[in-house]
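Tertiary structure, described
Here are the chains, one letter per residue:
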Amino acid sequence: MTDAFAGLVAAAVAFVGTHFALSHPLRAPLVRLAGDKGFQAIYSLVAFATLGWLVVAFRAAGGGAMLWNGFASLPWNAATVLMLVASVLLVGSFMGNPALPAPNAAMVAARGPHGVFHVTRHPMMWSFALWSVSHLLVSPTSRVLVLTLAIAVLALVGSHLQDRKKQALMGHAWTDWEAKTSYWPRLGGLAKAGAVPWLGGMALWLVATWAHGPLIAIPAGAWRWIG
């Protein structure tokens, strides 16, 4: 293992580990010490610092050899579909999500599943996980594996820990919401996601995949087929 790759692993562990630590065991004592706004400032500072370290370490690690042919049609087509689903989930996750900080979260949960929550109660987290899988499919190098694994662990383990935290904060309101929804995605629920998540998700998908061209000179998504 080179020093650069070891630095990438250390940055990934720090990025994920500090998020978990600050969101759970350290949250209460830091809030008592610094107050809500002080905690938010600490959390943001640590998050941006570790993310910056991760970005710098990722670039320093270099490209490396591909574990399989990421430019083949199968991984690219699979990644394209996954990113579209991820975009729909991400857009829909902002619409009546009881997991987001809000004073009316219990009321939102009591309404039952709607939109992308027919798919999963953690649409935002699963959108990040799908992003990780899709990018690993088309760029299967060691450094991308470390980066995408870090994002996926943060999203999927984080959503499980979020369930536990919400159970403590919201009690029956959250456990009832859990009983009506699923942690694991139910793809059949995409048909019930609604027009806004689908239209917004497709717009996000088109813009994000188009941006790959000017940013990294690699056409992605529908733009690869058009090109």
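An account of the accompanying structure is given in this report. Predicted model only: the values in this text are computed from it and were never measured.

Remarks on the overall build of the protein
Within the protein one finds 9 helices and 0 strands. For the protein, the sequential pattern of α-helices and β-strands runs α-α-α-α-α-α-α-α-α. Whereas a compact globule of 227 residues would reach a radius of gyration of roughly 17 Å, the protein reaches 19 Å, a difference of no more than 12%. Overall, the protein is about 50 × 45 × 25 Å in size when its C-alpha atoms are taken along their principal axes. Each of the 227 residues in the protein was classed as buried or not, and the buried ones make up 40%. Taking all contacts inside the protein whose residues are at least 6 apart in sequence as the whole, residues at least 24 apart take part in 77%. With an accessible surface of roughly 12200 Å², the protein has 72% of that area assigned to carbon and sulfur atoms.

Observations regarding a nonpolar patch on the surface
A cluster of nonpolar side chains, contributed by L67, W68, L145, L149, V153 and V157, occupies part of the molecular surface with about 510 Å² of accessible area. Relative to the helices and strands, W68 resides in the loop between helix 2 (27-60) and helix 3 (73-92). Overall, the relative accessible area of 38% leaves W68 in the partly exposed class.

Here's the deal with the packing of aromatic side chains
In this description, a pair of aromatic rings is defined by centroid distance and the angle of the planes. Inspection of the entire model under this criterion finds 5 aromatic pairs. Look at W126 and Y183: their rings are 6.0 Å apart centre to centre, the planes differ by 70 degrees, and that puts the pair in the edge-to-face class. Of this pair, W126 sits in helix 5 (residues 123-138) while Y183 sits in the loop between helix 7 (172-180) and helix 8 (195-216), and the two are 57 residues apart along the sequence. Take Y183: its relative accessible area is 16%, and that puts it in the buried class. Ring centres of Y183 and W184 lie 5.0 Å apart, and the angle between their planes is 85 degrees; this geometry places the pair in the edge-to-face category. Members of the aromatic cluster, connected to one another through ring pairs, are W126, Y183 and W184. In this structure, R143 packs its charged tip against the face of F58, placed 4.1 Å from the ring centre.

With respect to the pattern of salt bridges
What the rule picks out here adds up to 2 salt bridges. Between D163 and R121 there is a salt bridge whose closest N-O contact spans 3.1 Å. One end of the pair, D163, is in helix 6 (residues 142-170); the other, R121, is in the loop between helix 4 (105-110) and helix 5, with 42 residues separating them in the sequence. Overall, the relative accessible area of 5% leaves D163 in the buried class. The partner of E178 in a salt bridge is R121, with the nearest N and O atoms 3.8 Å apart. Remark: R121 occurs in the loop between helix 4 and helix 5 and E178 occurs in helix 7; sequence separation between them is 57 residues. R121 matches E178 in its accessibility class, with the two residues each being buried. Within this structure, R121, D163 and E178 form a network of salt bridges that share partners.

Rules behind the numbers
- Residues numbered from 1 in each chain as written.
- Predicted model: local features only at pLDDT ≥ 70, side-chain atom pairs only at ≥ 80, totals over all residues.
- Heavy atoms only, no water.
- Helix = DSSP H or I, 4+ residues; strand = E, 2+ residues; numbered from the N terminus.
- Rg over C-alpha atoms; globule rule 2.2 N^0.38 Å.
- Buried < 20%, exposed > 50% of the residue type's maximum accessible area, 1.4 Å probe, protein only.
- Contact = heavy atoms within 4.5 Å.
- Areas by Shrake-Rupley, 256 points an atom, 1.4 Å probe, with all protein chains shown as cover.
- Patch = residues over 30% accessible without salt bridge, like charges linked within 9 Å, V, L, I, M, F, W, Y side chains within 5 Å.
- Salt bridge = Lys/Arg side-chain N within 4 Å of Asp/Glu carboxyl O.
- Phe/Tyr/Trp six-rings, centres within 6.5 Å; stacked < 30°, edge-to-face > 60°.
- Lys NZ or Arg CZ within 6 Å of the ring centre and 35° of its normal.

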